[in-house]
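Structural features, examined
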Amino acid sequence: MLNVRQRMGVMDQVQYFSTADQSVSLIEGQYQSFEFKRHYHLDYHIGLILGGQQSFTYQGERFQVGRGDLVIMPPDELHDGCSVNELGYKAQVFAIEPYWFERYVQTSQTPSCLSFKQPVIRDAQVFQFLDNAHQLLRQNSLSQLAQDCLPYDSFEPLIQRYSVLKPLPPSRLGRSTLQTLKAFLLAHLSESIHLVELAALCDLSSTQFQRHFKATTGITPYAWLTRLRLEQAMKLLKSNVPGTEVAQQVGFYDQAHFSKSFKQAFGVSPSEVR
């Protein structure tokens, strides 16, 4: 589905696509007035800048990217994003669930993850491989076997040249970890979540938990949970769950509030994601 927004003569266009592999989805966007506030994703976001210039902050450093640049944003990392000028920028993005990359690290005896050496890569050959794959995966005429194999073939050069295998460090929160807390919240998104309940899971007081949580993630527990709910909502909408059901499943009991929050986060309304 296509979303087009026009404000003061400036046009934004965002389009979301599913693929045969539910762990891989696609985004195509022309961004001009829309700005991504500080947020995180549950997935890897691999972005190809096709034109214009984008600016974003990641791990305390400001980056500016343009045509031909490839941007890699790992899961759970806070970042923002906006156009450098009124001309905007055009991007194609792969949203890939972490377990898709975990298939490349099965030989490790300790918990490990695939990590990329840098957030911005300029490699014309790698860019071309991924640009072609993004276009082909949006074509309905592509055979099933081609759809299954294409992501692996296309990402192989990127992984071989720019990735490293690193131990998976747990983000400690008292006696618990951020990963454990995320699993708990995902299992209880439709419920009312209390600060004291989360603090107890980590064997911390409410004040200690809130302080340690913000120091670990960079945002408050409430902001982090809200984003988690919206990220999960996007996944459910892509799997064709009706928007009214999605809102309740992720803990939004006011449909208007859900729609407004979703559009502020992704640039499209829930009804435009299919």
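Note that this is a predicted model, so its numbers are computed, not measured. (Residues numbered from 1 in each chain as written. Predicted model: local features only at pLDDT ≥ 70, side-chain atom pairs only at ≥ 80, totals over all residues. Heavy atoms only, no water.)

**Considering the pattern of salt bridges**
As a reminder of what qualifies: Whenever a carboxyl oxygen of Asp or Glu lies within 4 Å of a side-chain nitrogen of Lys or Arg, that contact is scored as a salt bridge. What counts as a helix is a DSSP run of H or I of at least four residues, what counts as a strand is a run of E of at least two, and both are numbered from the N terminus. Burial here depends on accessible area, computed with a 1.4 Å probe over protein chains only, as a share of the maximum for the residue type. Under 20% is buried, over 50% is exposed, and the range in between is partly exposed.
Under the definition given, this model contains nine salt bridges. A salt bridge links Glu28 to Arg138; the nearest nitrogen and oxygen atoms lie 3.5 Å apart. Residue Glu28 is found in strand 3 (residues 24-31), and its partner Arg138 is found in the loop between helix 2 (124-137) and helix 3 (144-162); the two are separated by 110 residues along the sequence. Residue classification places Glu28 among the buried residues on the basis of a relative accessible area of 18%. The exposure class assigned to Arg138 is partly exposed, which follows from its relative accessible area of 24%. Across the salt bridge formed by Asp123 and Arg161, the nearest N and O atoms sit 2.9 Å from each other. Residue Asp123 is found in the loop between strand 11 (120-121) and helix 2, and its partner Arg161 is found in helix 3; the two are separated by 38 residues along the sequence. In this structure Arg161 comes out as partly exposed when scored by relative accessible area, which is 34%. Through salt bridges with shared partners, a single ionic network connects Asp43, Glu97 and Lys235.

**Examining the packing of helix 2 against helix 3**
Here is the rule: Throughout, an axis means a line fitted to C-alpha atoms (over the contacting stretch in the case of helices), and angles, computed between N-to-C directions, take values from 0 to 180 degrees. For this classification, under 35 degrees means roughly parallel, over 145 means roughly antiparallel, 65 to 115 means roughly perpendicular, and everything else is oblique. For any helix crossing, the convention is left-handed if the near helix is rotated counterclockwise from the far helix by under a right angle, and right-handed if that rotation is clockwise. Should any heavy atoms of two residues lie within 4.5 Å, those residues are considered in contact. Three classes are used, and their members are as follows: Ala, Val, Leu, Ile, Met, Phe, Trp, Tyr, Cys and Pro are nonpolar, Asp, Glu, Lys and Arg are charged, and the others, Gly among them, are polar.
Interhelical geometry of helix 2 versus helix 3 gives an angle of 160° and a closest axis separation of 10 Å. What the angle tells us is that helix 2 and helix 3 run roughly antiparallel. At the point where helix 2 passes helix 3, the crossing takes the left-handed sense. When helix 2 is examined against helix 3, the residues Gln125, Val126, Phe129, Leu130, Ala133, Leu136 and Leu137 are found in contact with a partner set consisting of Gln147, Leu150, Pro151, Ser154, Phe155, Pro157, Leu158, Arg161 and Tyr162. Grouping the amino acids of the contact of helix 2 with helix 3 by side-chain chemistry returns 12 nonpolar, three polar and one charged.

**Overview of the pairing of strand 7 (residues 70-73)**
This is how the line gets drawn: At least two bridges found by DSSP between two strands are what make those strands a pair.
Neither face of strand 7 is open: one carries Leu70 and Ile72, the other Val71 and Met73, and all of them are buried. Pairing of strand 5 (residues 44-58) with strand 7 involves four bridges; the strand directions are antiparallel. Looking at strand 7, one finds that Gly47 is bridged to Val71. By the bridge criterion, two bridges tie strand 7 to strand 11 in an arrangement that is antiparallel. Following the sheet pairing, Val71 is matched in strand 11 by Val120.

**Observations regarding the nonpolar core**
Our working rule: Working definition of a nonpolar core: buried Ala, Val, Leu, Ile, Met, Phe, Trp, Tyr and Cys residues. They are joined through side-chain atoms within 4.5 Å.
Grouped together as the largest cluster of nonpolar side chains are 52 residues, with contacts concentrated most on Leu185, Phe258 and Phe262. Top contributing element to this core by residue count: helix 7 (residues 221-238), with eight residues. Setting aside chain neighbours within four positions, we find Phe262 in contact with Leu230, Ala233, Met234, Leu237, Gly267, Val268, Ser269, Pro270 and Val273. Core analysis: the second largest hydrophobic core is formed by 27 residues, Phe94, Phe116, Ala133 and Leu142 among them.

**Here's the deal with the pairing of strand 9 (residues 89-96)**
With seven of eight residues buried, strand 9 is to be regarded as a mostly interior element. When strand 3 meets strand 9, the two strands line up antiparallel, connected through eight bridges. Looking across to strand 9, one finds that Gly29 is bridged to Ala91. Examined bridge by bridge, strand 5 and strand 9 share eight bridges and lie antiparallel to one another. Directly across from Ile49, in strand 9, lies its bridge partner Ala91.

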